[in-house]
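Report on the structure
The residues making up each chain are set out below.
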Amino acid sequence: MEFGEEHYSIGFFSREGYRRLRCRSCGKYFWSLTERETCGEAPCEPYTFIGSPPTRRPYSVPEMREAFLSFFESKDHRRVAPYPVVPRWRKDLYLVSASIVDFQPHVTSGASEPPANPLVVSQPCIRMVDIEKVGPTLGRHLTIFEMGGAHAFNFPGRDVYWKDRTVELCLEFMEGLGLRAEEIVFKEGIWAGGGNAGPCYEVIHSGLEVATLVFMSYRVLNDTLEELPVRTVDTGYGVERYAWLSQGTPSAFQVIYSSIMDKVSSIIEIPELNSEAFARYARYSAWIQPSPGFGPREARHQAAKLAGVNLDYILPALERLEQVYKLLDHTKSIAFILADGVVPSNSKVGYLARLLLRKSQRILEIMGRGDALPELVSLQVEIWGRDFPRLREMREEILELASHEVRRFKESVSRGLSQLERELSEMKRSNKPLTSESVARIYEERGLTPDLVISKARAMELETPSIEEVEELMISRHIEASRERGEENWVAGALQVAGGLPKTEKLYYEDPYASSFEAKVLASSNGLVVLNRTLFYPEGGGQVGDTGVLRWSRGEARVTDTQILDGVIIHFVGGEAPPVGETVQGQVDIERRLNIMRHHTATHILIGSVRRALGRHAWQMGAKKEAEAARLDVSHHKPLTQEDVERIERLANEVVARRLPVKVMWLPRSTAEERYGFTLYQGGEAPLGEVRVVEIPGWDAEACGGTHCANTAEVGLIKILKVERIQDGVVRLVFAAGAAAHKQISETITQLQRRVELVERALRQLKLGYSKLIEGYQESVLREFEKLEREQPDRFKSLETAVAGMAAKIWSFSKSYQKEEMIGNVRLIFDFRPVVDDAYFAALASEAVRHNAPAASLVVGRSKTGIVAAVGLNRHLSRLGLTPKLAAERLGASSLRVVNEEVAVFETSARDPREIYGEFRRLLESL
RNA sequence: GGGCCGGUAGAUCAGUGGUAGAUCGCCCGCUUGGCGUGCGGGAGGCCGCGGGUUCGAAUCCCGCCCGGUCCA
């Protein structure tokens, strides 16, 4: 694509005496007041402003921004507040990369009015494409910068201004800064993007491109240009670049971050550079154009050679400085992106946030300040929050998300490292070198950066590739994957039916409660029916399509789904379809629709609750409202706790109870954005033209095309049924409202009751079965025992002891004895056992006194003749002179058997075990 | 949205078609005044889910789910 001279030759230039010249170095045409050999843009010439700023005075970034804005204000442009850096109003971009993005596609296409015309804005823009160049180019490349945009939208029959005025304004602005017109060059260029194109001028001063003046006037269709109905003046002034020009420092970073440099240097060391040598090097920094095969190292050498600077002397400080610059730049981007409520994740804009965070964190770790990232981000919030209040408002969320992401990164790295160590020692053992392929693979699989992998390998004395080799390999691997948009299969058929038909009249917006209507059939084939008007809501905005019936004179058809295509609503019918021209009576399944409506309004209520409960980083990432239940996907970095869920649910039900009206209105886009902010676009991009706003006053406002209840009270109970993490950084709430909630709850309760019954029954059976089982075993065991006692008395004896011991151990382990108390420093254990057996009792008594302190035990049971007891006294007690025999005698033993030095078993004539116990206590007390 | 890697004992992982393993942790015993240590013993696995190939699948193939990671 090329534009001829006629596109650039304007009246203003000929009036003022500009000449069209061709650059000897780059071959491009440019316009200049004076004779020149080159276009003046680096690298055709070096930067001449470094060390000798050409403006009347130095400007800081805020000063330059204000100078720019107020200049255009004085020229009838209205100042507009900057837009977010995350363009929620469009889905083809992750970040705002230019000021014109704020007005695409709705204004540039002519569908909506701009907030003002002409207008001026200083728009923070983020571009990830240059991320590798940030630092080495000393500020020519930044991931985040402010684009001063002066825009005029020339609607058909309503021209504002075009090329002449644009150039004139640019010149006047620059002259106002004290720049001489003779030194300004307008270089011819072509701008193309997003299917649009137009000629442009790059405005050059002192080697630096400081602005681009684009005249967006064409649409690109199959390689041919077609004039656009709306011709847009799209100018972008580099606010930071003008400020840099005005200060003439070696790097732009010194200008942009001057107010926090002191604080930053207290966190990380910022090297001192010989300012003279650095300045000379900086003049040639435009030659630093890292590309595949020409890494930062070569680029630096080339610039140094041209500048006549001995690089070896400044290199260590320079490299470190570049890293500091990267950090400054990336942390600013992080602050802005997180301020717009982006949750770092592994896809889409969340990934870009993660990338910036991880790159910054890695640099800090190499510097030995792996803990400093939140502090740096906090500094950014502080300085930029003055001009962009959103940063301050979101401070808490920004720091929480950044810290959380750093934590995750550390976990990921330590996981990767342990794996890496194994892999490397395996290589070491088999004496294999670490290849570039392996390094690239490890980065892609586990996110360990090549520098980290290589340094680990070198520490193990493995043969390694250089970082440059690895980077080259990774770049060469990138093959652009073609994007293929799979259309849903119904679209092809629907296009045949709906193609060329007028947009269907949407009756459901007039009265969302209405259920029957009359309409004419405009098209009908293959089970697809188009009417001139309908109450059937087509699937959209996460709300499912309506179902119902179409009746006509000779039949009726069931509508199973409803869709919309280019404003034409398509009814999917089963069975016979009404013929074209027929008048049909439509009947929407109103109960179903009402349930869906309640779910839709409930979704709006919930998103308000979620943002209040979790923080303003929580955005709707998707939603689906059906008749039985609905779901809401929300960006959030952590799994939800029970408390989170309860809080969200409580807040939501409070809104229901407050009986708030649900207001629906159509507003001009810019009015809506001004009044409600960009949280309007929870549901994603909104259709062109006016915006339909659904507002729950004081709670939530969203651009939404759905059908809603008139009052929150109609929603009824909102019940969250399930919470799950569906992907990195996104949680899903499944919920039900109103009648559906009631149904879900009662079903759940019924199910629970059924389960409880089952469990209870199973328990009863288990108990029964268990005791039967035990009884059976007891019997057979007893029989076996009796047999054994008769036939082999010796073995019986030892077996009996062993079994008794085992039982005693279980008893002692489970602490199932009846009483345990301290008498002075003596632990006394008492138990009553229904089954009497000497060996068993002895074992119990013995087991009970296994302590490392004085302990006594008394186990009693009732025999036919009286009471059988075992007394146990451990060695700590026998040292005091109390023996089991002595104790037994004091307790009135009639027959007595001393089992060992700790235990004795005896019988007494006492009736009540408590008598013996009391006596035993008194005995112990007397010690 | 796409590519790549992974899912085996509580944790970290090995196991590439033929009886499921190691280390740590846990439990028990011995060692100790006690804890730790040391020694000995033990428990713990739908080998993510589903399908296919096979005489036979943790292992090969397909699909799904989950986690990680890179890229748009």
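Our structure's up above, just so we're on the same page.
Throughout what follows, the structure given in this document is the object of discussion. Values in this document were obtained by computation on a predicted structure and should not be read as measured data.

With that settled, consider the packing of aromatic side chains. Remark: the centre distance and the inter-plane angle together describe each pair of aromatic rings, the angle taken between the planes. For the coordinates displayed, the defined rule picks out 41 aromatic pairs. Aromatic pair tyrosine 257 and tryptophan 384: ring centres 6.2 Å apart, planes at 90°, arrangement edge-to-face. Placement of the pair is tyrosine 257 in the loop between α5 (253–256) and α6 (261–267) and tryptophan 384 in helix α11 (residues 373–385), with a sequence separation of 127 residues. We note that tyrosine 257, like tryptophan 384, is buried. With a centroid separation of 5.2 Å and an interplanar angle of 70°, the aromatic rings of tyrosine 508 and tyrosine 537 are classed as edge-to-face. Placement of the pair is tyrosine 508 in helix α18 (residues 507–510) and tyrosine 537 in the loop between β13 (533–534) and β14 (548–552), with a sequence separation of 29 residues. An aromatic cluster is defined as three or more aromatic residues linked by ring pairs; in this entry it consists of Tyr8, Phe12, Phe13, Tyr18, Trp31, Trp162, Phe186, Tyr201 and Phe215.

With mixed pairing, 6 strands are arranged side by side in an open sheet as β25-β26-β27-β28-β30-β29. Two strands close off the open sheet at either side, each with one partner strand: β25 (819–823) and β29 (895–898). Going from strand to strand, the sheet's axes swing by 15° on average, the running direction of each strand aside. Judged from the 5 bridges that link them, β25 and strand β26 (residues 826–832) form a sheet pairing that is antiparallel. The residue bridging glutamate 820 from the neighbouring strand is isoleucine 829, located in β26. Here helix α24 (residues 838–848) sits on the sheet and contacts β26, β27 (855–862), β28 (867–873), β29 and β30 (903–908); the angle it forms with β28, its principal contact strand, is near 30°.

Counting 156 residues, the largest nonpolar core has Phe186, Tyr201, Tyr242 and Tyr281 as its most contacted members. The element contributing the most residues to this core is helix α9 (residues 311–339), with 15 residues. If we skip the residues at most four places from it in the chain, tyrosine 242 touches Met64, Phe173, Met174, Leu177, Leu179, Val210, Ala211 and Tyr237. Counting 35 residues, the second largest nonpolar core, distinct from the first, contains Ala630, Val655, Val656 and Leu660.

The next thing to look at is the packing of α9 against helix α13 (residues 395–429). Running from amino to carboxyl end, α9 crosses α13 at an angle of 115°, the nearest separation of the two axes being 9 Å. At the point where α9 passes α13, the crossing takes the right-handed sense. Contact residues: α9 offers Ala335, Leu338 and Ala339, while α13 offers Ile398, Leu401 and Ala402. Classifying every residue of the contact of α9 with α13 gives 6 nonpolar, no polar and no charged.

Basis of the calculations
- Counting restarts for each chain: residues are numbered from 1 in the order of the written sequence.
- Here every chain gets a letter starting at A, and every ligand a number starting at 1, in the order they are written.
- In keeping with the predicted nature of the model, local features appear solely for residues at pLDDT of at least 70, side-chain atom pairs appear and are counted solely at 80 or more, and the whole-chain, interface and lining totals rest on all residues.
- Heavy atoms throughout the structure, all of them, feed into the side-chain values; hydrogens and water do not.
- In this scheme Phe, Tyr and Trp rings, the latter by its six-membered ring, pair at centre separations within 6.5 Å, and the angle between planes marks the pair as stacked below 30 degrees, edge-to-face above 60, and tilted otherwise.
- Helix and strand definitions here come from DSSP, where helices need a minimum of 4 consecutive H or I residues and strands a minimum of 2 consecutive E residues; each element is numbered from the N-terminal end.
- Each residue gets one of three labels from its accessible area relative to the maximum for its type: buried under 20%, exposed over 50%, partly exposed in between, using a 1.4 Å probe on protein chains only.
- Paired strands, in this sense, are two strands between which DSSP finds at least two bridges.
- An axis is simply a line fitted to the C-alpha atoms; with a helix, the fit covers only the stretch in contact. Between two such axes, the angle follows the N-to-C directions and lies from 0 to 180 degrees.
- Only heavy atoms enter the contact rule, under which two residues are in contact if any of them lie within 4.5 Å.
- As used in this record, nonpolar core signifies buried Ala, Val, Leu, Ile, Met, Phe, Trp, Tyr and Cys residues forming a set joined through side-chain atoms within 4.5 Å.
- Note on convention: near helix rotated counterclockwise from far helix by under a right angle means a left-handed crossing. Clockwise means right-handed.
- Each residue gets one of three labels, nonpolar for Ala, Val, Leu, Ile, Met, Phe, Trp, Tyr, Cys and Pro, charged for Asp, Glu, Lys and Arg, and polar for the others, Gly among them.

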